[in-house]
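One letter stands for each residue in the lines below.
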Amino acid sequence: MTRLSSGRRRRRRTGYRPGVTADVVVVGAGPAGATAALAALRAHPGLDVRLVDRADFPRDKPCGDGIAPHALDVLAGLGLEGLFDDRIPVHRLRLVKQGHGAARTTRSPNFVVPREIFDARLVAAALDAGARFERRRVRAVDHLDARVVVLAHGAHPLPGAAPRRGRTAFALRGYAPTPPGRASEQVIVFGDQRQPSYAWSFDRGDGWANVGYGEVLSPARAAPSRALLLGELERLLPGATEDGRAWRGHHLPLSSWRFRPPEGRVLTVGDAAGLINPLTGEGIYYAVLTGAAAGRAAAEALAAGRPQAAGRRYRRAVTPALGVHLVNTAAAARLSTLDVVVDAGVRAAARDQRIFDDFVDLGLGGGTLTPRLGAGLVAGLLRTGS
Ligand SMILES: Cc1cc2nc3c(=O)[nH]c(=O)nc-3n(C[C@H](O)[C@H](O)[C@H](O)COP(=O)(O)OP(=O)(O)OC[C@H]3O[C@@H](n4cnc5c(N)ncnc54)[C@H](O)[C@@H]3O)c2cc1C
């Protein structure tokens, strides 16, 4: 596991300078916040950037630990190439619905990296670039003394932060020994009872897999209990809970069809902005994408002497990347509440590598419902109906 060096630990503890207005204060040092701090300093290395978190790092965060190549591309753009050179890439993704499967090689590999490792590496990169770490819990947005504020506090609410739209899911994850039949792949088994839902087994490559089950919460039924979540995981992926440990649940704020950051000097990124893909529960790509855009927007607005313009710059950067994509994922998520559509999608992905690739880009990156994916779904529906 990567641990911060003692030098870095000392430096980040000296960050808090009460009474001195920071250029940028970032609340939350998860992937969104650490990337924002790094991006601001890459754009303008002399800035006073403070990265505030209630937790010390390394710290765990309940997650599937699946890191898509799309997220790594964003990080490579900030100079973080080879972040996982010491990890084993996962080339295969298997999608299963009611016994049918599409098991294929992805265009670029995914990585399954415990968040204790991934997040600490990003924080270390931000500190190396010059950010200062403050360990404290922020109680409200208006308590922050900064020219530009980046809110990256994740799924939990923070007084003063903008409310979000979009539905919420809940998922439970654990770590269990990888059975031989699920080695070297990421497996997703779509649910068939409490929709939309899925169980997963993501092999880490070290004999262990991140396993879990999650579902979209609905006012029409009671929130799932731990026993129900574990029961669904075991039912959909037999053997997945065996010798499992470190079970932890967490909410997922799913994205809606639109994300329009407000003007001003407070920018919201990642889960705090309600940005988790409603089809797959993937949020790390959005976290680093919006973090990078917000960090750059903050730095450029400060360099122009107009911190108030940071919000507008941020909006201009994220709209081309997410505008059309979010409309498409919202539509696809709505369709995915229908069993027949998921079934048709899996069948289409099993038939055609290009449809599989399009689905991966829509679910893990910034892709859209391509005509090919649409045609594949229709063809799958016709076959299912015949
Ligand atoms: C069970 C589960 C499985 C998932 N699987 C995947 C997956 O496989 N792949 C994927 O891409 N995404 C997955 N996600 C989503 C992913 O975990 C999130 O989208 C991602 O963590 C968002 O990063 P973030 O930086 O916005 O927030 P976080 O990672 O939640 O970081 C927020 C940080 O803010 C800090 N903080 C919070 N409040 C305060 C405060 N008041 N003051 C100071 N600090 C504060 C927290 O300590 C934390 O460090 C999953 C989510 C869950 C729950």
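Residues numbered from 1 in each chain as written. Predicted model: local features only at pLDDT ≥ 70, side-chain atom pairs only at ≥ 80, totals over all residues. Heavy atoms only, no water.

J.: Looking at this model, I keep getting lost on the site of the ligand. Mind explaining?
T.: Close to the ligand lie 36 residues; D53, G64, G66, R115 and D271 are nearest. In the model, an oxygen atom of the ligand is placed 2.9 Å from a nitrogen or oxygen of the A32 main chain. At 3.5 Å, a backbone N or O of D65 approaches an oxygen atom of the ligand. If the ligand stood free it would expose 1,000 Å²; the protein chains cover 95% of that surface. Put simply, the parts of the chain that give the shell around the ligand at least two residues each are α2 (31-43), β10 (197-203), β12 (245-253) and α6 (284-303). Its residues assigned to classes, the shell around the ligand shows 16 nonpolar, ten polar and ten charged. (Near = heavy atom within 4 Å. Polar contact = N/O pair within 3.5 Å; in protein donor to acceptor, adjacent residues only side chain to side chain. Areas by Shrake-Rupley, 256 points an atom, 1.4 Å probe, with all protein chains shown as cover. Helix = DSSP H or I, 4+ residues; strand = E, 2+ residues; numbered from the N terminus. Nonpolar A, V, L, I, M, F, W, Y, C, P; charged D, E, K, R; others polar.)

J.: Please explain the domain arrangement of the protein chain as it appears in this structure.
T.: A common way to report how large an interface is uses the accessible area buried once the components associate. Split by domain assignment, the protein chain resolves into domain 1 (6-88 + 113-164 + 256-324), domain 2 (168-253) and domain 3 (329-385). Using C-alpha coordinates to define each centre, domain 1 is positioned 28 Å away from domain 2. Contact residues are listed per partner, giving 20 residues for domain 1 and 16 residues for domain 2. Between domain 1 and domain 2 the total buried area reaches about 1,500 Å² when both faces are included, carbon and sulfur atoms providing 52% of it. Across the contact surface, domain 1 and domain 2 share two salt bridges. The salt bridge involving R248 is made with D60; its shortest N-O contact spans 3.1 Å. Taken together, domain 1 and domain 2 are joined by nine residue pairs in polar contact (both at pLDDT 80 or more). (Domains from an automatic or database assignment. Contact = heavy atoms within 4.5 Å. Buried area = accessible area lost by both parts, 1.4 Å probe. Salt bridge = Lys/Arg side-chain N within 4 Å of Asp/Glu carboxyl O.)

J.: Where do I start with the pairing of strand β9 (residues 185-190) in this structure?
T.: Both faces of the sheet carry side chains from a regular strand, because those side chains alternate between them. Of all the six residues making up β9, six are buried; the element is thus mostly covered by neighbouring parts of the structure. Side chains of β9 alternate between two faces, with E185, V187 and V189 and Q186, I188 and F190 buried alike. Examined bridge by bridge, strand β4 (residues 90-97) and β9 share six bridges and lie parallel to one another. Within β9, the residue paired with R92 across the bridge is E185. Where β9 meets β10, five bridges bridge the pair, whose relative direction is antiparallel. (Buried < 20%, exposed > 50% of the residue type's maximum accessible area, 1.4 Å probe, protein only. Pairing = 2+ DSSP bridges.)

J.: Please explain empty space enclosed by the protein as it appears in this structure.
T.: Considering all chains together, one arrives at one cavity of 30 Å³ or more under this definition. Quantified by volume, the largest cavity comes out at close to 40 Å³. In terms of lining, the largest cavity is formed by A176, P177, T178, P179, R182, S201, A209, V211, G239 and A240. Looking at the lining of the largest cavity, the elements with two or more residues in it are β8 (168-177) and β11 (208-216). Classifying every residue of the lining of the largest cavity gives six nonpolar, three polar and one charged. (1 Å grid on protein atoms, 1.4 Å probe; cavity = no way out; pocket = protein on both sides within 12 Å on 5 of 7 lines; lining within 4 Å. Points joined across faces, edges and corners; volume = space filled by probe spheres on them.)

J.: Which parts of the structure should I look at to understand the sheet that holds β12?
T.: Sheet strands associate in pairs through backbone hydrogen bonding, adopting either a parallel or an antiparallel arrangement. The sheet built from eight strands is open, its strands ordered β3-β5-β4-β9-β10-β11-β8-β12 with mixed pairing. With one partner strand each, in any of the chains shown, β3 (66-67) and β12 form the two edges of the open sheet.

J.: Can you walk me through the sheet that holds strand β6 (residues 132-135) in this structure?
T.: Sheet architecture is open: five strands sit in the order β6-β2-β1-β7-β13, paired in parallel fashion. Unpaired on one side and paired on the other, β6 and β13 (266-268) mark the two borders of the sheet. The sheet shows a mean angle of 20° between the axes of neighbouring strands, taken without regard to direction. One ladder, built from four bridges, connects strand β2 (residues 49-53) with β6; its direction is parallel. (Axes fitted to C-alpha atoms, helices over the stretch in contact; angles between N-to-C directions.)

J.: Hey, could you run me through the environment of Y175 in this one?
T.: In this structure, Y175 sits in strand β8. Judged by relative accessible area, Y175 falls into the buried class, the value being 11%. When sequence neighbours within four positions are dropped, the list of residues in contact with Y175 reads D65, P114, R204, W208, A209, N210, D243, G244, R245 and A246. A polar contact of 2.5 Å, which involves the side chain of Y175, links it to the side chain of D65.

J.: Sorry, what's going on with the packing of α2 against helix α4 (residues 115-128) here?
T.: Relative orientation and spacing of two packed helices are given, respectively, by the angle between their axes and the distance between those axes. One can describe the packing of α2 onto α4 by two numbers: an axis separation of 8 Å at closest approach and a directional angle of 20°. In this view, α2 runs roughly parallel relative to α4, as classed from their interaxial angle. Crossing hand, α2 versus α4: left-handed. Listed contacts from α4 to P31, A34, T35, A37, L38 and L41 of α2 are R115, F118, D119, L122, V123, A125 and A126. (Parallel < 35°, antiparallel > 145°, perpendicular 65-115°, else oblique. Left-handed = near helix turned anticlockwise from the far one by under 90°.)

J.: Looking at this model, I keep getting lost on the nonpolar core. Mind explaining?
T.: Nonpolar side chains tend to gather and get buried jointly when the protein is soluble and globular. Membership of the largest hydrophobic core comes to 64 residues, with the highest contact counts inside it found for V49, F118 and Y314. Broken down by secondary-structure element, the contributors of at least two residues to this core are β1 (22-27), α2, β2, α3 (69-76), α4, β7 (146-151), α6 and α7 (310-335). For this core, the element with the most residues is α6, which contributes 14 residues. Filtering out sequence-adjacent residues up to four positions away, V49 remains in contact with V24, V26, A37, A40, L41, A131 and R132. Within the second largest apolar cluster, 30 residues are counted, among which are V90, Y198, L254 and L364. (Core = buried A, V, L, I, M, F, W, Y, C linked by side-chain atoms within 4.5 Å.)

J.: When you look at the packing of aromatic side chains in this model, what are you seeing that I'm missing?
T.: Within a pair of aromatic rings, the relevant descriptors are the distance that separates the centres and the angle that separates the planes. According to the stated counting rule, one finds eight aromatic pairs in the structure shown. When the ring of F84 is compared with that of F118, the centres are 5.6 Å apart and the planes differ by 55°; the resulting orientation is tilted. One end of the pair, F84, is in the loop between α3 and β4; the other, F118, is in helix α4, and 34 residues separate them in sequence. Ring geometry for Y285 and Y286: centres 6.0 Å apart, planes at 50°, overall tilted. Grouping residues by exposure puts Y285 and Y286 together as buried. (Phe/Tyr/Trp six-rings, centres within 6.5 Å; stacked < 30°, edge-to-face > 60°.)

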